[in-house]
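Report on the structure
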Amino acid sequence: MQFDDSTLSLELRDALQAVLELPRRDTGDISGYETACMKAVMSIGRALMTQRLTDMGSSGTFADGGDGWHVTVVSNAEVFTLFGPILLRRPLFRNKRNGPTRSLLAEKAGLVDGLWTPAAAKVGALAVAEMPVGRAEAFFADVGVLSVSKSSLLRLALGLSNAWEEDREIHEEAVRVASNIPLEATTVAVSLDGVMVMM
């Protein structure tokens, strides 16, 4: 496969170069080599996600619903991906002075709680549901994916819980409709983070 490396970000070029140098740095320690390979792959993933999410963010004015939205402030935002956290420039938009603020990046990418890619949020939520938060943090560090702290995992769980509660009745109905209950069942209960869904 041929590509024009002038279209690649410096971060991605550096990550690809690190992969090419792996065989020269092999000391014979298979565990160390495997860890180095994983770090290199994660670095490529972070560079690709940085480039993709940067391309999704708009920095100019736009119209939506008859309103003109303009950049109010540009800040740096840490976004959690399966490959680990990345830092992005995030323009925030308003359609009037002191009006509501929008992040087109979060809207276009479907960022969960404005900070997590959908895939990273799914894996993070699953880990928090299946094991203590401290163990989830250690598990991700051991596996080499989704490098994230306990506090970030707790904020994700809280954000998901708040989002559930905002439209709880709608979500509960969706669970009821999606659940296949055997005819011979006499009692059915579904619990999501300690919340009972009436069936």
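Details of the structure are given in the entry above.
Source: prediction; values computed, not measured.

Reading the values: rules and limits
Residues numbered from 1 in each chain as written. Predicted model: local features only at pLDDT ≥ 70, side-chain atom pairs only at ≥ 80, totals over all residues. Heavy atoms only, no water. Pairing = 2+ DSSP bridges. Helix = DSSP H or I, 4+ residues; strand = E, 2+ residues; numbered from the N terminus. Phe/Tyr/Trp six-rings, centres within 6.5 Å; stacked < 30°, edge-to-face > 60°. Buried < 20%, exposed > 50% of the residue type's maximum accessible area, 1.4 Å probe, protein only. Lys NZ or Arg CZ within 6 Å of the ring centre and 35° of its normal. Expected span 1.5 Å × (residues − 1). Contact = heavy atoms within 4.5 Å.

1. Some details on the pairing of strand β2 (residues 67-81)
Bridge analysis of strand β1 (residues 62-64) against β2 gives three bridges, and the strand direction is antiparallel. Paired with Ala63 across the strands is Gly68, a residue of β2. The antiparallel hairpin formed by β1 and β2 contains two residues in its connecting segment, where Gly65 sits at a positive phi of about 60°. Looking at chain direction, β2 and strand β3 (residues 84-94) are connected through 11 bridges and run antiparallel. Bridge pairing links Phe80 to Pro85 in β3. Taking the residues that link successive antiparallel strands as the turn, the β2-β3 hairpin has two residues.

2. Remarks on the packing of aromatic side chains
Counting across every chain of the model gives four aromatic pairs. Ring centres 5.1 Å apart and planes at 75° place the aromatic pair Phe62 and Phe93 in the edge-to-face group. In this pair, Phe62 sits in strand β1 while Phe93 sits in strand β3, placing the two residues 31 residues apart along the sequence. This pair shows no difference in class: Phe62 is buried, exactly as Phe93 is. Aromatic ring contacts, followed pair by pair, group Phe62, Trp69 and Phe93 into a single cluster. Above the plane of the ring of Trp69 lies Arg102, whose end atom (NZ or CZ) is 4.6 Å from the centre.

3. What to know about helix α2 (residues 30-56)
In this model, α2 (27 residues) spans 39 Å end to end at C-alpha, consistent with the 39 Å of a helix rising 1.5 Å per residue. Those residues of α2 not exposed but buried are Ala40, Met42, Ile44, Gly45, Ala47, Thr50, Leu53 and Met56. Considering only its buried residues, α2 is in contact with α1 (10-21), β2, β3 and α3 (104-109).

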